[in-house]
Amino acid sequence: MGIVSSDFDVFGLGQCSLDYVGVFDSYPSPDTKHEFRRMIVQGGGPVATALVALSRWGRRCLFCGVVGDDGFGEQIRASLEAEGVDTRGLLVRAGEGSQFAFVIAEPVTGRRTILWRRPTGRAVAPAEVDTAWIEAARTFYTDGLFIEASLHAAAVARRAGRAVVVDAGTLRDGMLDLAALSDVFIVSETFCRALVGGDAPLEACRRLAALGPSLTGVTLGARGYVALADGEVISSPAHEVRVVDTTGCGDVFHAAVAYGLLRGWEARRCLDLANRAAARVATRPGGRSAIPSGDEMLSWAERSSTKL
């Protein structure tokens with residue numbers, strides 16, 4: 001895919017959240033009290049967390065999303081700016097609430113449950129996305145939550161010769177249209193099942209690839225991933241780690257793929273790096289606590305290249 005010199009590495013459009021993550025021995029039963037062993041409060045959201053990871057790895061990122069004028073929104077902005085992410089595209093809706101989530105992590109089982117509320121303010125409109133931001137970036141990155149704005153931005157990015165990377169968690173209206181405008185379209189297991197009617201990740205990759213993306217994939221949690229890169233099937237189980245909380249694993253998987261593509265690496269190397277990074281995230285509570293360092297990413301990438 002053709003990537004040109006620009007002011008930003010990644011322009012991201014999508015969800016940002018404030019996450020309350022509690023570590024429990026088991027999921028609470030109704031009408032009982034359960035003491036959590038640990039609690040952290042941390043920024044979250046697929047695109048926001050991906051940009052935090054990319055910023056830590058030395059990429060220049062600009063974020064566009066929605067918050068309310070509440071305390072959650074202030075903390076979300078602060079969490080991004082502390083990581084060096086440009087928040088000029090963060091839209092504040094007066095009198096509205098920001099996205100937040102309660103996460104119940106169960107290290108014993110490796111499961112986690114997320115209870116969340118989307119931002120109550122209106123979605124990002126296409127007219128609110130400055131085309132100059134898209135054209136100034138090497139990559140447009142989205143989760144498709146604000147689908148009309150995402151389709152508009154993806155079309156602008158394609159016309160400008162920028163790469164379009166999509167982290168597709170849910171099969172919503174318009175997502176397949178977004179796939180047709182994408183270079184990289186990697187989906188969740190939930191998306192896969194909704195698309196093909198069952199557990200058939202390779203079939204999902206093939207259907208999505210037929211729409212146009214050169215790299216399609218399905219993340220499968222503990223089972224790893226399955227992908228299709230220019231017709232080549234690539235798959236791997238997840239790396240074995242002591243799982244504490246899987247929040248953010250998919251976000252960082254997608255971020256690592258984008259990182260590798262920005263460095264010009266082939267798909268297999270990008271996916272191997274993503275698999276390692278996602279596993280590391282699962283070792284601590286919250287989606288951002290255990291993001292690997294830039295030096296670790298380069299070390300893993302070097303080892304991966306020797307196996308290709």
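See above for the structure.
Since we're looking at a predicted model, the values are computed, not measured.

Before going further, it helps to spend a moment on the side chain of Thr 216. Relative to the helices and strands, Thr 216 resides in strand β11 (residues 215-219). Here the side chain of Thr 216 touches Cys 205 through a polar contact of 3.0 Å, landing on its backbone oxygen.

Right, let's get into the environment of Trp 57. Along the chain, the position of Trp 57 falls in the loop between α1 (46-56) and β4 (61-68). On the basis of relative accessible area, Trp 57 is assigned to the buried category, the value being 4%. In this structure the C-alpha to C-alpha distance between Trp 57 and Gly 294, which are 237 residues apart in sequence, comes to 4.4 Å. Contact partners of Trp 57, with chain neighbours within four places excluded, come to Val 252, Ala 255, Ala 256, Tyr 259, Ile 291, Pro 292, Ser 293, Gly 294 and Met 297. A distance of 2.8 Å separates the side chain of Trp 57 from the backbone oxygen of Pro 292, its partner in a polar contact.

Within the secondary structure, Asn 275 sits in helix α9 (residues 267-281). Classification of Asn 275 as buried rests on a relative accessible area of 5%. Leaving out residues up to four positions away in the same chain, Asn 275 has contacts with Gly 224, Tyr 225, Ser 236, Pro 237, Ala 238, His 239 and Phe 253.

Next up on the list: the packing of aromatic side chains. On inspection of all chains with the given rule, the structure shows 11 aromatic pairs. Judged by centre distance (6.0 Å) and plane angle (40 degrees), the ring pair of Phe 11 and Trp 133 falls under tilted. Of this pair, Phe 11 sits in strand β1 (residues 8-13) while Trp 133 sits in helix α3 (residues 131-135), placing them 122 residues apart in sequence. Each member of the pair Phe 11 and Trp 133 is classed as buried.

Attention now moves to helix α6 (residues 189-196). Taken together, the buried positions of α6 are occupied by Phe 191, Cys 192, Leu 195 and Val 196. Taken down its axis, α6 places every buried residue within 105 degrees of arc, on the same side. Of the surrounding secondary structure, the elements contacted by the buried residues of α6 are β9 (163-168), α5 (175-179), β10 (184-187), α7 (201-209) and β11. Phi turns positive one or two residues past the end of α6, at Gly 197, with a value near 80 degrees.

Below, the discussion takes up the sheet that holds β10. What the 9 strands build is an open sheet, ordered β5-β4-β1-β8-β9-β10-β11-β12-β13; its pairing is mixed. With one partner strand each, in any of the chains shown, β5 (86-93) and β13 (232-236) form the two edges of the open sheet. Adjacent strand axes in the sheet meet at a mean angle of 15 degrees, parallel and antiparallel pairs treated alike. As paired elements, strand β8 (residues 137-142) and β9 share 4 bridges and run parallel to each other. Following the sheet pairing, Thr 142 is matched in β9 by Val 166. Along the sheet face, helix α4 (residues 147-159) touches β1, β8 and β9 and points at about 155 degrees away from the line of β8. Taken strand by strand, helix α8 (residues 249-262) contacts β1, β8, β9, β10, β11 and β12 (225-229), and its axis lies near 160 degrees from that of β8.

Sheet topology note: the β12/β13 ladder contains 5 bridges and is antiparallel. Note that in β13 the partner of Leu 228 across the bridge is Val 233. Between β12 and β13, which follow one another and run antiparallel, lie 2 residues, and Asp 230 among them has a positive phi close to 50 degrees.

Looking now at the sheet that holds strand β7 (residues 111-117). Taken together, the 4 strands give an open sheet; going across it, the order is β3-β2-β6-β7, and neighbouring strands pair in mixed fashion. Since the sheet does not close on itself, it has two edges, and those belong to β3 (38-44) and β7, each with one partner. Averaged over all pairs of adjacent strands, the angle between strand axes in this sheet comes to 20 degrees, irrespective of strand direction. Packed on one face of the sheet, helix α2 (residues 71-81) meets β2 (17-23), β3 and β6 (100-106) and runs near 90 degrees to β2.

Considering all chains together, one arrives at 16 salt bridges under this definition. Where Asp 199 meets Arg 223, a salt bridge forms, and the shortest distance between an N and an O atom there is 3.2 Å. With Asp 199 in the loop between α6 and α7 and Arg 223 in the loop between β11 and β12, the pair connects residues that are 24 residues apart, well separated along the chain. Look at Arg 223 and you get partly exposed, because its relative accessible area is 40%. Notably, a salt bridge pairs Arg 280 with Glu 296, separated by 2.7 Å at the nearest N-O pair.

Parameters and conventions
- Residues numbered from 1 in each chain as written.
- Predicted model: local features only at pLDDT ≥ 70, side-chain atom pairs only at ≥ 80, totals over all residues.
- Heavy atoms only, no water.
- Helix = DSSP H or I, 4+ residues; strand = E, 2+ residues; numbered from the N terminus.
- Polar contact = N/O pair within 3.5 Å; in protein donor to acceptor, adjacent residues only side chain to side chain.
- Buried < 20%, exposed > 50% of the residue type's maximum accessible area, 1.4 Å probe, protein only.
- Contact = heavy atoms within 4.5 Å.
- Phe/Tyr/Trp six-rings, centres within 6.5 Å; stacked < 30°, edge-to-face > 60°.
- Arc of directions from axis to C-beta.
- Pairing = 2+ DSSP bridges.
- Axes fitted to C-alpha atoms, helices over the stretch in contact; angles between N-to-C directions.
- Salt bridge = Lys/Arg side-chain N within 4 Å of Asp/Glu carboxyl O.

Limitation: the analysis is restricted to geometry and does not speak to function.
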